[in-house]
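# Architecture at a glance
Spelled out, the chains give:
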Amino acid sequence: MKIVQDMPPVLSALDRPNSYIGRSVPRPNLARLMQGRGQYVSDVVLPRMAHVAFARSPHAHARIRAIETGRAKSAPGVIAVVTGAELARVMTPWVGVLTHLKGIKSAPQHALAVDRACWRGEAVCAVVARSRAEAEDAIELVEVDYEELAPVTDAETALDPGTPVIHPDLGDNLTFERRHEAGAPDTAFAEADEVVEATFRFGRHTGVTNEPRAVVADWNPGEQRLTVYHGTQAPHMMQNLFAKHLALEEHQVRVITKDVGGSFGIKVHTYADEMATVALSKLLKRPVKFVADRIESFVTDIHARDHRVQARVAVKRDGTITAFEIDDLTGIGPYSVYPRTSGIEANQVVNLTGGPYTCPNYRALARVVFQNKNVMCQYRAVGHPIATAVTEGLVDLAAMRIGMDPVEIRRRNLIADDAYPTSGPSGIRFEQLSHHASLDKVLAMMDYRALRAEQARLREKGVHRGIGLASFIEVTNPSAAFYGVGGARISSQDGVTIRLDAQGAIICHTGVTEQGQGAEAVIAQVAASAFGVPIARVRVVTGDTDNTPYGGGTWASRAAGIGGEAAWQAGKALRANVLAVAGSILQAAPESLDIRNGTVIDRETGRERIGLDEVARVAYFRPDTLPPGFQAELMATRHYVPRAWPFAFTNGIQASLLEVDVETGFITLLKHWCVEDCGTVINPQLVDEQVRGGVVQGLGAVLFEHCLYDERGQLLNGNMADYLVPMACEMPDIAVGHVVSPTADSELGAKGAGEAGTAGAPACVMNAVNDALAPLGAATITEMPITPSVVLRALGRV
Amino acid sequence: MKPPAFAYAKARALDHAIELLGVDGARLLAGGQSLIATLNMRLSSPSLLVDINGIGGLEGIALRDGRLEIGALVRHVQAERSAEIARHAPLIARAMPHIGHAAIRNRGTLGGSIAFADPAAELPACLVALGGEVEIAGPEGRRTVAADDFFKDLFETALGPRDVLTAIRVPAATADTRVGFAELARRHGDYAMVGLAAAARADGKAPKDPRLVYFGVGTTPVRARKAEAALAGGSLDQAVAALAQDLAPQDDVQATAAVKTHLAGVLLRRVAQQLEAA
Ligand SMILES: Cc1cc2nc3c(=O)[nH]c(=O)nc-3n(C[C@H](O)[C@H](O)[C@H](O)COP(=O)(O)OP(=O)(O)OC[C@H]3O[C@@H](n4cnc5c(N)ncnc54)[C@H](O)[C@@H]3O)c2cc1C
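This report concerns the structure included in the present document. (Residues numbered from 1 in each chain as written. Chains lettered and ligands numbered in written order. Predicted model: local features only at pLDDT ≥ 70, side-chain atom pairs only at ≥ 80, totals over all residues. Heavy atoms only, no water.)

## Thoughts on the overall build of chain A
Condition: Put simply, DSSP marks the helices as runs of H or I at least four residues long and the strands as runs of E at least two long, and each gets a number from the N terminus on. Only C-alpha atoms enter the radius of gyration; for comparison, a globular chain is expected to reach 2.2 Å times N to the power 0.38, where N is the number of residues. Only protein chains enter the accessibility calculation, which uses a 1.4 Å probe. A residue is then buried if its area is under 20% of the maximum for its type, exposed if over 50%, and partly exposed in between. Should any heavy atoms of two residues lie within 4.5 Å, those residues are considered in contact. Only four residue types enter the tally: Lys and Arg on the positive side, Asp and Glu on the negative side; His and the chain ends are excluded. To locate a charge, take NZ of a lysine, CZ of an arginine, CG of an aspartate or CD of a glutamate.
A count of helices and strands for chain A gives 19 helices and 29 strands. Relative to its length of 798 residues, chain A is compact, with a C-alpha radius of gyration of 28 Å against a globular reference of 28 Å. Of all 798 residues assigned to chain A, the portion counted as buried reaches 66%. Taking the contacts inside chain A whose residues are at least 6 apart along the sequence as the reference set, 80% of them involve residues at least 24 apart. Taken as two groups, the 77 positive and 90 negative side-chain charges of chain A have centres that lie 3 Å from each other.

## As for the site of the ligand
All names here are of chain B. For clarity, the cut-off: To be near a molecule or strand, a residue needs just one of its heavy atoms within 4 Å of it. Definition of a polar contact: a pair of N or O atoms within 3.5 Å, with one able to donate and the other able to accept a hydrogen when the atoms are protein atoms, and with sequence-neighbouring residues admitted only if both atoms are side-chain atoms. Areas reported as accessible are Shrake-Rupley estimates using a 1.4 Å probe. Residue values count occlusion only from the protein chains shown.
Around the ligand there are 30 residues in total, and Leu28, Gly32, Leu35, Thr109 and Glu122 lie nearest to it. The contact in question runs from an oxygen atom of the ligand to an N or O atom on the backbone of serine 34, over 2.9 Å. Note that a nitrogen atom of the ligand is positioned 3.1 Å from one of the side-chain N or O atoms of tyrosine 191. Burial of the ligand by the protein amounts to 88% of the accessible area it has alone, namely 970 Å². Elements supplying a minimum of two residues to the shell around the ligand: strand E2 (26-29), helix H7 (110-116) and strand E10 (164-171).

## Some words on the interface of chain B and chain A
Many descriptions give the size of an interface as the accessible area lost when the pieces come together. Selection criterion: When two components associate, each loses some accessible surface as probed by a 1.4 Å sphere; the sum of these losses over both components is called the buried area. Just to be clear on terms, a salt bridge is a Lys or Arg side-chain nitrogen sitting within 4 Å of an Asp or Glu carboxyl oxygen. In this classification, the charged set is Asp, Glu, Lys and Arg, the nonpolar set is Ala, Val, Leu, Ile, Met, Phe, Trp, Tyr, Cys and Pro, and all remaining amino acids, among them Gly, are polar.
Facing the 22 residues of chain B at the interface are 31 residues of chain A. Summing both partners gives a buried area of about 2300 Å² for chain B against chain A, and 61% of it is carried by carbon and sulfur. Between the two partners, chain B and chain A, sit five salt bridges. Between Asp661(A) and Arg270(B) there is a salt bridge, and its shortest N-O distance comes to 2.9 Å. At the junction of chain B and chain A, the tally comes to 12 residue pairs in polar contact (both at pLDDT 80 or more). Tallying contributions element by element places helix H12 (residues 257-276) of chain B first for the side of chain B that touches chain A, with six residues. Tallied by class, residues from the side of chain B that touches chain A come to 12 nonpolar, four polar and six charged.

## Brief notes about empty space enclosed by the protein
Residues and elements named next belong to chain A. Heads up, the condition is: Only protein atoms enter the 1 Å grid used here, on which a cavity is any set of points holding a 1.4 Å probe that cannot leave and a pocket is any open set flanked by protein within 12 Å on both sides along at least five of seven lines; residues with an atom within 4 Å of a point are listed as lining. Grid points are joined across faces, edges and corners, and a volume is the space filled by probe spheres set on the points. Annotation comment: domain bounds sourced from an automatic or database domain assignment.
Overall, the coordinates contain six cavities of 30 Å³ or more when judged by the stated rule. In terms of lining residues, the largest cavity is bounded by 18 residues, among which Gln109, Trp119, Tyr271, Ala272 and Thr300 are the most central. Here the residues of the lining of the largest cavity sort into nine nonpolar, five polar and four charged. For the lining of the largest cavity, the domains that each give at least three residues are domain 2 (41-149 + 212-260 + 266-300) and domain 3 (303-479 + 644-794). In this structure, the second largest cavity is lined by Phe202, Gly203, His205, Arg305, Pro385, Ile386, Ala701, Pro762, Met784 and Pro785. Of the residues forming the lining of the second largest cavity, the biggest block, three residues, is contributed by strand E8 (residues 194-206).

## Looking at the nonpolar core
All names here are of chain A. Short version of the rule: The definition of a nonpolar core used throughout is a set of buried Ala, Val, Leu, Ile, Met, Phe, Trp, Tyr and Cys residues joined through side-chain atoms within 4.5 Å.
Judged by nonpolar contacts, the single largest core of 175 residues is most densely connected at Leu226, Met446 and Ile786. Both domain 2 (41-149 + 212-260 + 266-300) and domain 3 (303-479 + 644-794) contribute no fewer than three residues apiece to this core. Those residues in contact with methionine 446 that lie beyond four places of it in its chain are Leu451, Ile467, Leu469, Ala655 and Trp673. Listed in part, the 54 residues of the second largest apolar core include Ala519, Ala559, Leu586 and Tyr640.

## Things to note about the sheet that holds strand E14 (residues 222-223) of chain B
Residue and element names in this part refer to chain B. To keep it simple, the criterion reads: By the convention used here, strands pair only if DSSP detects at least 2 bridges between them. Angular values range over 0 to 180 degrees, each being the angle between N-to-C directions of two axes fitted as lines to C-alpha atoms, with helices fitted over their stretch in contact.
The sheet built from four strands is open, its strands ordered E11-E12-E13-E14 with antiparallel pairing. Strand pairing shows two members of the sheet lacking a second neighbour, strand E11 (177-184) and E14, which therefore form its edges. This element, helix H10 (residues 225-232), spans strand E13 (208-215) and E14 of the sheet and lies at about 145 degrees to E13. On top of the sheet, H12 reaches E11, strand E12 (194-201) and E13; it is set at about 150 degrees to E11, its chief contact.

In C-alpha cells form, the structure reads like this:
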C-alpha cells in the first residue's frame, strides 16, 4: 500500500476520517432506477421526433442492383425513404484501421450499404416515419433487387486462392496478421520431456444488453448544432466521429448519455445504423430515433470470439513449463469495426497467452480474416477468455500428461509474488501481481482437498464431478498505448470537475460514464472521501459532452481506476481551495484545518470551526468581507492518465465445481469461486457484483451462447428463444475473494475489475468438465460452448 | 419489432367469438404468450384478434363421469396449483413446472397450448399420453375429437378456422394409474430438446398398456408404438432399441437427430423407472 504523507495522524491518504473507500456504499442512482425513473435513450421523446427502421439485406453477400422506394414513400405516416447512395451525400464512409496494428486493412464502410451488402442484416435502406410501427410497415414495401454473390463464411478457407476476395481493392481477405517470438521456442520444444498439443475452438457470441442500442439525433439548423442522445460507453469519442463524418466541428455536436441499460463493450463502437440515424436527422432537419429491436440486435450488435487456436506447450517431467506456441485464426466479418478495429482481440490473444507464467520461450501467430458474417469487435474481456482457456487448458493437459496435480503445476510455474516488476512471455509488463496468494486463497475458500476427496467418493457411486482451475491476468486502466498511439481519437485520460454549491454540497462532473456498473457510486465515494463530505452531499453528473471534462468513458475496466483517481485529485484540490477560504475567514493557517463530515475542523484537535455552508455563503454572497486580493476558487478540475505502465495488469484465479450427467451430457454447475486482485477495492459490493456478472457472461460463453451460422452466412438462432443467454436457474453460487496489490501509479491505487470474471470463467469450467470426464476415457474437450452434444461426442455416446 | 396493424374485438360469449371468426384473417387471442410473439416478429399478420379472455365458463376444472375436464382458459399457473389436477391428472401436474417461466404461466392458457400445438410443448404430449380428448365449438355446433386424432402436422390441428377449443378432458387417474414425465432443456423454462410423457397401468412387473409420447422430436407429439409394445413385453432394452424406428427427429439448432434419439433412450429408461414406482 502506497503511503502518502498527506495527513500525518492517519495511516494513509485513503484512511481519512470519513472515508468511503473500501465501503459498500449503496449506489446513489439505485432508488431512481428501481422506481423506474431512469432516463434511458429508449425513453427520450422530443417534439417532431420521427422513427427510423431499416431494410436489411437477407443475403450474406449481394450486389444491390436497384432499390424501388415508390410504394414505401406513399405508405401511411412515412416521412422519407433514403437509400445508401442518397445518405452518402450527407455522411462520409469510414475505415477501421489503427497505425500501431501494423498492416491492418479494411474497406470503406457506409452508414447504409451503397452498392453491395456484405452480411445478412446490413442496412441497405432507411424508412423514416411517424412511428416505428409505420416505418416497419413501409419497410415491407421497399423493393430491393439483389444479385446474390458467393459468400465467404469459413475463416479456415478465407485465405485460400480459390476463395472470392470480399473487397477486391484490398487484394485478399487478410485483415491483420501478427507474429511474435520470444526466447528460443524451437530449442525448448526439442528439449522438452513432453509436448502437448490441442486445437481450441471458441464459438461466436454476442453481448445481449438489457437495453438494446438506442440513439435519438436532433439536428437544429437554427443553431447549426447536433444533439445526440446516445446509449454509448464513450460520449466524447462519438462526438468526434459524428462531427468528422458529417463535416462538422466537434463543438457543433453534443452527445448526451444518461442511463444505459448495460454495455459490455457492445456500445463502444461505431454502428452503421446509428450513424445513419444521425445523418438522417441532419438531412431531414428534425429529431430521429432508432432503437434496435432484438432481432436486428442479433445481426448487428458486434459479435466476438470465434477463434480457432492451434496450440502446444513444452513441459519438463518436474513440471517446469518451458514454451508456449499458438496459431490463432479469427474471422471478423466484412469490415474491421471503426474506430477500435477488429484486430484488437487477436492482438490481445497474442499478448495474454501464457501471461501468468514464468516462461521465456513463446511463439505466436495471429491471423484475422474477412468473411460475410456480422462484424466482430471488442466485447467484455477482449481476448482474455481465449488466451486464458488456451493457456489453462494446456497447463492442465501438461499436468495430466506428466501425472501432476493441476494445483502443483501452477505452483511451480506461476510468476512468484516477489518477482515484480517483471514481464510476461509476450513482453507485457507487470507492476505487481499476486498469483500465489490468489491460488492459496482460492484453495482455502473452496477447501480443495475436501472437494477432491468427495469427488473420489462420489465417483464410486457413478457421480461424475469435475474441479477446474484457471489463473488469469486482466488488462485494466489502459494508457494511450491502447488506442491513442495508433491514431484513434480515443481519450485514455479522464477528468473530474468538482464544485462547491452555495450550501456546502459538491457537484462532480466526470468524463467516465455509467452503464449500470456503478461508476457514479465510485466517483461519489472517492470525491466525498477526498473532499470530506457525507456521500449524500455529492451529486455526480456524467455523460454530457457539453458539461463534463473531456474523457474516454467506460471501457477496458478504466472508469474506477482512472476516473476515480481524477476524482481523488479534484477532491483534494477543492479541499485545499476551500480551506484557503476558511483560513481567511477564521484567520487561521489553511494547513491547520481540514474538512470532516462537511465541516471545517481544526486538524489537530478535530474541533469544529465553520460549516461548509457558511464558507460558501461568504465566498459567493459576501466576498467583500474577504481580504483584498483574495479570490475564492470553489471549483477544481483534475485529470489523470496512467503514465508509468501501459496497462495496470490485474490477476486472479477462478475455480469451478460441476457435475456431468454422462448419459445426457448435461452439465450442472455446483459452485464457482473467483479470487481477484484489482488493487484498492473502493466499493467491495460493486467489485463483487462486477466479478459475478462477468463470471456469468463467461459461463454463458462456455456452456450456452453461440451465434450459429450456416454455410450461406445465415444466422440460424438470432432470437431470444434459440440463442441461449445464461439465466439465473442455471447459475451456481459465485464466491468472491480479494487480494490487494494497489498500483503505485495513482494515489488511489485502484485497478479495474470489470472483466476479470469473464476472463477466467470459461477456462475453469472447461478444465472442470475434462476433469470429470478424463477417468471415463473421454476425448479432451477443447471447444466452446460445451453443449450436451459436445459432451456426448467426447464420451463416444453419439 | 412492432406487429402489423390489426383490429381487435372482445368476444362477449362463445357464439359471439365464433361469429367474429367469420371475418377473413381473424385469429383467437387467449393468453397471447405464443400469438403476440409471432405478431411482433411479423411471422403472422391476422386482420382481427378475437379476444376470448372475457368469455365466462371456460376456466373451470371439474370431475365428471370419471373424466377430468379442464376449461380452455385455465391458466398454466392455475393448473400448476390445482388440487384436482394433482389428484386426477398427475401427469399434467408433473409437466406444468416445465412450461416456460412464472410470468408466462400467469398468462398462458391450457387451451392455447393445445390449440397452438407446438411440437416441443409439454401439454399436447400429455394429452395424447393420457388418451384424452378435445372439446370444440364451431359454427356447426359442438364436437369431440380424440387426442390421437387432434394433432395433424406442424402447428396443424383438427381445429377449423372458425372453431374454438373449449375444454380438454382426460380420464381421471385410478389406483393403478402410473405416469412418468421427463424432459431435457438446456435452460429451465425452455422448450424441450426432447421430452417424454408416459402413462400406463400397474400390473405386477411390466407396465400394462403403456403410452409413450415424445415431444420435441417431430412435427407433432409422437407416440413410440414399437417401444410401447416392447415395454409391455417386459424388455426395456428392446424398447430403447425400438426408438430408432419409432422416432425420426430432424437436426435443429440444439442437437442433431442422432443426439435426440440417444437422449430419447435415456429418457425412456428414466421414465420407465417412474412408471414402476407406485
Ligand atoms: C418465453 C416463453 C417460453 C415458453 N415456454 C414454453 C414451454 O416450455 N412449453 C410450452 O408448452 N409452452 C411454452 N410457452 C408457450 C406458452 O405456454 C403459451 O402460453 C401457450 O403455448 C399458448 O397459450 P396462450 O394462451 O398464450 O395462447 P395464445 O398465444 O393466445 O394463442 C396461441 C394460438 O392458439 C390459438 N388459440 C388460443 N386459444 C384458443 C382456443 N381456445 N381455441 C382455438 N384456438 C386458440 C390462437 O389463435 C393462437 O393461434 C412459452 C412462451 C414463452 C413466451
